[in-house]
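Each chain, written out:
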Amino acid sequence: MEPELTVPPLFSPIPQAIHPRHADIDVQTAAWAETFRIGSEQLRAKLVTQDIGTFSARILPGGREEVVSLLADFVLWLFGVDDGHCEEGELGHRPGDLAGLLHRLIRVAQNPEAPMMQDDPLAAGLRDLRLRVDRYGTAGQTARWVDALREYFFSVVWEAAHRRAGTVPDLNDYTLMRLYDGATSVVLPMLEMGYGYELQPHERDRRAVRAAAEMASFIITWDNDIFSHHKERRSPGYYLNALRVLEQEGLTAEEALDVAIAQRDRVMCLYMRLTEQLSAEGSPQLRQYLSSLSSFIRGAQDWGVSSVRYTTPDDPANLPSTFGDTPTDDRHEPLDIPAVAWWWELVPAPAGPAAGLRRFEQTA
Ligand code: 3E9
Ligand code: MG
Ligand code: MG
Ligand code: MG
């Protein structure tokens with residue numbers, strides 16, 4: 001076994017925040033998991049200790065309490081699918097059968113009245129979630145949520161094909177898969193519901209706004225890959241994360257960690273510039289949405305270094321307890337990942353000291 005990696009404090013310019021009702025929400029989510037019997041007894045016993053309600057309270061620090069609870073139950077449900085079926089279950093090695101189950105679940109989310117999967121706990125939990133999505137969201141937001149669930153499911157089927165073959169995708173394919181299989185895009189409609197507004201499609205679907213959401217997904221999933229590496233590497237069987245992808249491209253484990261950190265730092269710098277630019281010109285709803293993306297990033301960070309899901313106290317991970325204010329790499333240069341290189345076209349390069357000096361000389 002290789003020596004354990006030590007994760008240094010990562011760069012995060014986003015302030016920490018949490019919903020004041022976090023403790024109650026966390027208890028309620030554990031109770032919801034028991035009521036709906038999400039996952040096997042063994043999986044559920046673990047999930048209810050992982051502060052998933054607290055995670056949700058960090059994502060929506062000023063949100064409606066009912067939606068914070070809804071999001072918490074939904075994230076726990078997602079782990080019921082991702083851990084229970086994809087990563088630890090048999091279907092995770094059978095992409096065709098997995099696709100069948102996930103299509104049936106989509107039907108339940110879309111038409112909860114459909115008389116199917118009536119003895120399935122995940123389907124029952126999903127019916128309850130759909131009922132509450134209807135209560136706190138518009139018809140448009142409900143449709144976005146179902147569509148986002150479909151894109152998450154589509155990506156885990158791709159991941160399952162790699163698991164079955166024992167292969168590791170290249171960095172571009174992995175990035176594309178990871179924008180969806182971290183289930184970040186299914187959370188987005190709940191960011192709107194949390195604060196009781198609906199972003200207009202012309203704003204939400206703007207290229208730059210979609211890019212901001214994708215950058216948030218990138219940062220959240222790269223951070224997860226860094227913080228969950230210890231848990232994932234020691235799990236039996238196949239695992240896939242950015243560090244494994246980079247190692248396959250020829251780097252040592254330490255080099256892969258440094259490169260993954262540099263990549264997320266560069267995207268974080270770009271994200272901060274883009275969201276500042278968009279906030280200055282956008283509607284109040286867009287400003288709230290961008291602020292929620294940032295809370296989602298920071299919430300995933302604070303949860304990622306503290307939940308027993310990742311700290312694994314019986315075999316402790318070397319995780320940091322703080323975050324830093326300096327990136328290891330702040331170059332305004334596209335990452336060598338074709339699927340996302342276009343993000344850098346959206347923000348002008350910052351004026352460096354030399355450029356500033358030139359401007360001064362011209363006006364002087
Ligand atoms: C995350 O990737 C898998 C999702 C299904 C987890 C549910 C969480 C969210 C919807 C919020 C996004 C938060 C993240 C990605 C932490 P992976 O690597 O299987 O998660 P793991 O916890 O096993 O490392
Ligand atoms: Mg997963
Ligand atoms: Mg996982
Ligand atoms: Mg992970």
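Everything that follows concerns the structure shown earlier in this document.
Residues numbered from 1 in each chain as written. Chains lettered and ligands numbered in written order. Predicted model: local features only at pLDDT ≥ 70, side-chain atom pairs only at ≥ 80, totals over all residues. Heavy atoms only, no water.

S.K.: A description of the site of ligand 1 should follow, citing residues and the corresponding values.
M.R.: Close to ligand 1 lie 22 residues, the nearest being Glu87, Lys231, Glu232, Arg309 and Tyr310. Taking Ser228, its side chain carries an N or O atom lying 3.2 Å from an oxygen atom of ligand 1. Here ligand 1, which alone exposes 560 Å², has 98% of that area covered by the protein. Secondary-structure elements contributing two or more residues to the shell around ligand 1 are α4 (65-87), α8 (171-181), α11 (207-227), α12 (229-234), α15 (284-304) and α16 (308-311). Broken down by element, the residue count for the shell around ligand 1 peaks at five residues, all from α4. (Near = heavy atom within 4 Å. Polar contact = N/O pair within 3.5 Å; in protein donor to acceptor, adjacent residues only side chain to side chain. Areas by Shrake-Rupley, 256 points an atom, 1.4 Å probe, with all protein chains shown as cover. Helix = DSSP H or I, 4+ residues; strand = E, 2+ residues; numbered from the N terminus.)

S.K.: Run through unusual backbone geometry, naming residues and quoting values.
M.R.: The phi angle at Met117 is positive, at roughly 50°, despite the residue not being glycine. Mapped onto the secondary structure, Met117 falls in the loop between α5 (95-110) and α6 (121-136).

S.K.: Tell me about the environment of Ser306, residues and numbers included.
M.R.: Its location among the elements puts Ser306 in the loop between α15 and α16. As for Ser306 and Pro320, which are separated by 14 residues in sequence, their C-alpha atoms are 9.2 Å apart. Within the local environment of Ser306, its side chain forms a polar contact with the backbone oxygen of Asp302, the two atoms lying 2.7 Å apart.

S.K.: Got a sec to walk through the packing of α11 against α15? Specific residues and values, please.
M.R.: Relative to each other, α11 and α15 sit at 5°, their axes nearing to 9 Å. It follows from the interaxial angle that α11 and α15 lie roughly parallel. In this structure, α11 uses Val209, Ala212, Ala213, Ala216, Ile219, Ile220, Asp223 and Phe227 to contact α15, whose residues at the interface are Leu286, Tyr289, Leu290, Leu293, Phe296, Ile297, Ala300, Gln301 and Gly304. (Axes fitted to C-alpha atoms, helices over the stretch in contact; angles between N-to-C directions. Parallel < 35°, antiparallel > 145°, perpendicular 65-115°, else oblique. Contact = heavy atoms within 4.5 Å.)

S.K.: Lay out the coordination of the magnesium ion (ligand 4) in plain terms, naming residues and giving numbers.
M.R.: Protein coordination at the magnesium ion (ligand 4) comes from Asn224 (OD1), Ser228 (OG) and Glu232 (OE), with a distance range of 1.9 to 2.3 Å. Sequence spacing among the residues donating to the magnesium ion (ligand 4) works out to N-x3-S-x3-E. Here the magnesium ion (ligand 2) and the magnesium ion (ligand 4) are spaced 5.9 Å from one another. In this structure, Ser228 and Glu232 share a single accessibility class: buried. (Donors = N, O, S within 2.8 Å, 3.2 Å for Na, K, Ca; no water. Buried < 20%, exposed > 50% of the residue type's maximum accessible area, 1.4 Å probe, protein only.)

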